[in-house]
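# Coordinates in review
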Amino acid sequence: MIRLITSITLAIFSLAAAAQPFNQIVNGKKQGQWRKMFENTDIIAYQGQFKDDKPYGTFKYNYGNGNPKAISVFEEGKDVAHTTTFFPERKGVKLSEGTYVNQQKEGVWTYYHLRGYKTAEETYVKGKKHGKCTDFYYDGSVAEVTMWSNDQKEGAWKQLYRRTGQVATESSFSNDLLNGKYKKYNAKGGMVLDGNYKDGLKDGGWKFYNADGSIKMQRLYRAGNVVKTKIETGLITEYHPGDIPKSEINYKNGVKHGEFKEYHNVGEWKKKREQVLDEGEEEWVEYLEGQQLKRKGTYKNGKLQGKVKYFNIGGVLEKTEIYENGTLVDTLKPR
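Being a predicted model, the structure only gives us computed values, none of them experimental. (Residues numbered from 1 in each chain as written. Predicted model: local features only at pLDDT ≥ 70, side-chain atom pairs only at ≥ 80, totals over all residues. Heavy atoms only, no water.)

Take the overall build of the protein next. In terms of regular secondary structure, the protein is built from one helix and 31 strands. The C-alpha atoms of the protein give 31 Å as radius of gyration, which overshoots the globular expectation for 335 residues (20 Å, by more than 25%). Its C-alpha atoms put the protein at 110 × 50 × 40 Å along the principal axes. Counting all 335 residues of the protein, 28% fall into the buried class. For the protein, the share of sequence-separated contacts (at least 6 apart) that also reach a separation of at least 24 residues comes to 14%. Only carbon and sulfur atoms are counted for the fraction: they give 50% of the accessible area of the protein, which is about 21000 Å². (Helix = DSSP H or I, 4+ residues; strand = E, 2+ residues; numbered from the N terminus. Rg over C-alpha atoms; globule rule 2.2 N^0.38 Å. Buried < 20%, exposed > 50% of the residue type's maximum accessible area, 1.4 Å probe, protein only. Contact = heavy atoms within 4.5 Å. Areas by Shrake-Rupley, 256 points an atom, 1.4 Å probe, with all protein chains shown as cover.)

Below is the structure:
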């Protein structure tokens, strides 16, 4: 009997709640349940409740396709909403979570990939990035750490290699521009290059290193422009506009020595998804498509030596020149 009375009571309360009118204005203020529909549809845009014109409790928001867009839990009497957002294309998959204060992001916000892993943590003050912001690889290891001030990059900046945490690049920002010492390392911690930035442009002396730590090349920059270059020993790559390789030439003690390749100004950088075998995950990988070899051969002590092959832009061999200590001694045409 008690169970029956309880069931009847619950049913009455449910009916009473269902019968509550929506969108009521009392003494000029929003009161009770509120609901807004997308125009000319039966899909709810948002639903929640107000007390004396202030939202409280749980508000639910939807996309136009009916999938949940966000859930916000308001603190009663305060304009503070603890919010979770969702991806539009996959129902209920979390996109971000954090807190709004006075309708502006505040504190740490966390962002997620469509596949569920965390991609970033960003710190906000009054709706603007301010403080430490961290990006993550799909396996949870830190990819990048940046300091922000009033929505601009300001302070130390680091990029790290996946898993190991080894620093890949480090520098600092001022007024949203790179400023100060800039260093780049290989995966084993060896120096790749170091120099200085001033207001976002390379400035002063820069050093480029070989894998063994020896200096490959030195360059002097002024406001981003190369003033002087001194090549030491190692493989030097030059580029056409658009980062298309122009040449790859080996040097020894400042002169060309060893194999070289030169390329036509063709090709395009593209991206593709490639599986990471040890994780069963995919990531975007850049690759150069359409690159064409123009010339290849060998230098010895700064002079051409042996066969030098020339190719047209279609990749067809046009001729072969034979050099002896920098002197052309024969030219062969393909049959």
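On to the confidence of the model for the protein. Here the protein averages 92 in pLDDT, and 92% of its residues register 70 or above. Within the model, the stretch residues 1-18 combines pLDDT values under 50 with zero contacts to residues more than four positions away or in other chains. (pLDDT = per-residue confidence, 0-100.)

Moving on, we get to the packing of aromatic side chains. The full count for this structure, using the stated rule, is 15 aromatic pairs. Their ring planes at 35° and their centres at 5.9 Å tell us that Y46 and Y61 sit as a pair that is tilted. Taken together, the residues Y46 in strand β3 (residues 44-51) and Y61 in strand β4 (residues 54-62) connect sequence positions 15 residues apart. It is K129 that lies over the ring of W148; its NZ or CZ is 4.3 Å from the centre. For K202, the ring lying beneath its charged end belongs to W206, and the centroid distance is 4.9 Å. (Phe/Tyr/Trp six-rings, centres within 6.5 Å; stacked < 30°, edge-to-face > 60°. Lys NZ or Arg CZ within 6 Å of the ring centre and 35° of its normal.)

With that out of the way, let us pick up unusual backbone geometry. Of note in this structure, N150 is not a glycine but carries a positive phi near 55°. With respect to the element layout, N150 can be found in the loop between β12 (142-149) and β13 (152-160). The class of N150 is partly exposed, set by a relative accessible area of 48%.

The subject of this paragraph is the nonpolar core. Counting residues in each nonpolar core, the largest one holds 20 residues, and the members touching the most others are L178, Y182, W206, F208, F260, L304 and V308. Elements represented by at least two residues in this core include exactly β17 (191-198), β19 (204-209), β20 (215-222), β23 (244-252) and β29 (306-311). The residues touching V308, leaving out its near neighbours within four places in the chain, are F260, R295, K296, G297, K319, T320, E321 and Y323. Counting five residues, the second largest nonpolar core, distinct from the first, contains W34, F50, F74 and A81. (Core = buried A, V, L, I, M, F, W, Y, C linked by side-chain atoms within 4.5 Å.)

Across six bridges, the pairing between β19 and β20 is antiparallel. Within β20, the residue paired with G205 across the bridge is L220. Connecting β19 to the next strand, β20, in antiparallel fashion are five residues, including G213 with a positive phi near 95°. Alignment of β20 against strand β21 (residues 225-231), held across six bridges, turns out to be antiparallel. Note that in β21 the partner of L220 across the bridge is K228. What sits between the antiparallel neighbours β20 and β21 is a turn of two residues, in which A223 has the positive phi angle 50°. (Pairing = 2+ DSSP bridges.)

With that out of the way, let us pick up the side chain of S247. Within the element layout of this structure, S247 appears in strand β23. In this structure S247 touches I236, T237, E238, K261, E262 and Y263, once residues within four positions along its chain are discounted.

Time to look at the pattern of salt bridges. Applying the stated rule across the entire model yields 13 salt bridges. Its salt-bridge partner being E76, residue K51 comes within 3.4 Å of it at the nearest N-O pair. Taken together, the positions of K51 in strand β3 and E76 in the loop between β5 (68-74) and β6 (80-86) put the pair 25 residues apart, joining distant regions of the chain. Judged by relative accessible area, K51 falls into the partly exposed class, the value being 45%. Between E121 and K118 there is a salt bridge, and its shortest N-O distance comes to 2.9 Å. Judged by relative accessible area, E121 falls into the partly exposed class, the value being 27%. (Salt bridge = Lys/Arg side-chain N within 4 Å of Asp/Glu carboxyl O.)

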